[in-house]
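Summary of structural features
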Amino acid sequence: QKEVEQDPGPLSVPEGAIVSLNCTYSNSAFQYFMWYRQYSRKGPELLMYTYSSGNKEDGRFTAQVDKSSKYISLFIRDSQPSDSATYLCAMSVRGGIIQGAQKLVFGQGTRLTINP
Amino acid sequence: NAGVTQTPKFHILKIGQSMTLQCTQDMNHNYMYWYRQDPGMGLKLIYYSVGAGITDKGEVPNGYNVSRSTTEDFPLRLELAAPSQTSVYFCASTTGDHEQYFGPGTRLTVT
């Protein structure tokens with residue numbers, strides 16, 4: 001079983017739709033839960049992060065974490081064509097010989113297309 | 001600030017050859033990371049480092065080596081390249097909190 005599971009899609013929705021992206025995980029030691037956005041042929045960029053269970057909102061984006069179910073979600077409201085990208089969930093864990101280093105474990109990524 | 005820069009952008013390597021992927025950051029970040037991303041997959045950690053001289057293995061370190069002699073640079077060395085190392089390589093840096101800043105990537109093909 002992979003530590004982080006994410007439906008790879010692809011997901012195609014009309015402009016203005018609400019998009020729901022999800023990941024499940026198995027490692028209870030994960031501390032931070034993040035969503036990265038990656039445009040084609042670019043490096044990932046951090047979209048949102050959260051530490052605790054609950055919701056966190058930033059504009060049209062809402063990140064949701066349920067630690068008891070080991071499940072995280074990203075909701076995009078009023079989706080725009082510019083939101084078309086691959087969305088990667090990532091979770092961090094400390095460990096290894098380097099104190100303080102956060103190691104990220106990524107999901108597979110969901111390719112999202114918003115159609116005008 | 002240029003952020004995280006990587007060179008080369010693209011490279012084709014023959015099986016058995018060696019090469020070094022370069023990564024430089026100008027944000028004075030202590031922590032630096034190397035990831036690989038295979039088609040349709042997430043990123044997997046190869047090596048990471050804090051400051052000059054301290055490195056540790058990630059999830060997929062076999063076939064790679066790293067060194068860190070300065071805060072700014074974190075080169076990734078491929079020895080005896082194999083087709084399984086065909087991938088997109090991303091370097092990232094951070095102050096140590098949750099947000100990692102990624103470079104634009106190096107697309108490597110081994111044939």
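All values derive from a computational prediction rather than experimental measurement.

Thresholds applied
- Residues numbered from 1 in each chain as written.
- Chains lettered and ligands numbered in written order.
- Predicted model: local features only at pLDDT ≥ 70, side-chain atom pairs only at ≥ 80, totals over all residues.
- Heavy atoms only, no water.
- Helix = DSSP H or I, 4+ residues; strand = E, 2+ residues; numbered from the N terminus.
- Rg over C-alpha atoms; globule rule 2.2 N^0.38 Å.
- Buried < 20%, exposed > 50% of the residue type's maximum accessible area, 1.4 Å probe, protein only.
- Contact = heavy atoms within 4.5 Å.
- Disulfide = S-S within 2.5 Å.
- Pairing = 2+ DSSP bridges.
- Axes fitted to C-alpha atoms, helices over the stretch in contact; angles between N-to-C directions.
- 1 Å grid on protein atoms, 1.4 Å probe; cavity = no way out; pocket = protein on both sides within 12 Å on 5 of 7 lines; lining within 4 Å.
- Points joined across faces, edges and corners; volume = space filled by probe spheres on them.
- Nonpolar A, V, L, I, M, F, W, Y, C, P; charged D, E, K, R; others polar.

Before going further, it helps to examine the overall build of chain B. A count of helices and strands for chain B gives zero helices and eleven strands. The secondary structure elements of chain B, listed N-terminal to C-terminal, are β-β-β-β-β-β-β-β-β-β-β. For chain B, whose C-alpha radius of gyration is 13 Å, the value lies close to the compact-globule estimate of 13 Å for 111 residues. Over its C-alpha atoms, taken along the principal directions, chain B stretches across nearly 35 × 25 × 25 Å. Relative to its full complement of 111 residues, chain B shows a buried share of 48%. Relative to all contacts within chain B whose residues are 6 or more apart in sequence, the contacts with residues 24 or more apart total 54%.

This paragraph deals with the state of the cysteines. Simply put, disulfide is the name for a covalent bond between the sulfur atoms of two cysteines. Residues and elements named next belong to chain A. Here the structure, examined in full by the defined rule, presents two disulfides over all chains. Through a disulfide, C23 is tied to C89; the S-S separation comes to 2.0 Å. On the S-S bond that ties C23 to C89, the torsion sits near -100 degrees, and the link is left-handed. Taken together, the positions of C23 in strand β3 (residues 19-25) and C89 in strand β9 (residues 85-94) put the pair 66 residues apart, joining distant regions of the chain.

For the rest of this paragraph, the subject is the pairing of β9 of chain A. Residues and elements named next belong to chain A. β9 sits mainly inside the fold: nine of its ten residues count as buried. Here strand β4 (residues 33-38) pairs with β9 via six bridges, running antiparallel. Within β9, the residue paired with Q38 across the bridge is T86. Pairing of β9 with strand β11 (residues 110-115) involves three bridges; the strand directions are antiparallel. From the neighbouring strand, Y87 faces β11, where its bridge partner is T110. In the sheet, β9 pairs with strand β10 (residues 102-106) via five bridges, with the strands oriented antiparallel. Residue S92 lies in a different strand from β10, and its bridge partner there is L104.

On to the sheet that holds strand β8 (residues 71-76) of chain A. All names here are of chain A. Strand order in the open sheet formed by five strands is β1-β3-β8-β7-β6, with antiparallel pairing between adjacent strands. Whereas interior strands pair on both sides, the edge strands pair on one side only; in this sheet they are β1 (4-6) and β6 (54-58). Averaged over all pairs of adjacent strands, the angle between their axes in this sheet comes to 15 degrees, without regard to strand direction.

On to the layout of surface pockets, then. Roughly 610 Å³ of internal volume is contained in the largest pocket. Lining the largest pocket are 26 residues; nearest its centre among them are R111 of chain A together with Q37, P39, G40 and R107 of chain B. Going through the elements one at a time, β9 and β11 of chain A together with β9 (87-94) and β11 (106-110) of chain B are the ones with two or more residues in the lining of the largest pocket. There is about 340 Å³ of room inside the second largest pocket. Taken together, 16 residues make up the lining of the second largest pocket; nearest its centre are V105 and F106 of chain A together with L43, K44 and E59 of chain B. If you list the elements that add at least two residues to the lining of the second largest pocket, you get β10 of chain A together with β5 (43-50) of chain B. A total of four residues in the lining of the second largest pocket trace back to one element, the largest contributor, which is β10 of chain A. For the lining of the second largest pocket, the residue count by class is eight nonpolar, three polar and five charged.

This brings us to the sheet that holds strand β7 (residues 64-66) of chain B. Residues and elements named next belong to chain B. Read from one edge to the other, the open sheet built from four strands follows the order β1-β3-β8-β7, with strand pairing classed as antiparallel. Taken across any chain shown, the strands that pair with only one partner, and hence form the sheet edges, are β1 (4-7) and β7. Put simply, the sheet's adjacent strands are angled 20 degrees from each other on average, direction ignored. As defined by bridge partners, β7 adjoins strand β8 (residues 76-78) across three bridges and the pair is classed as antiparallel. When the sheet's bridge partners are listed, N65 is paired in β8 with R77.

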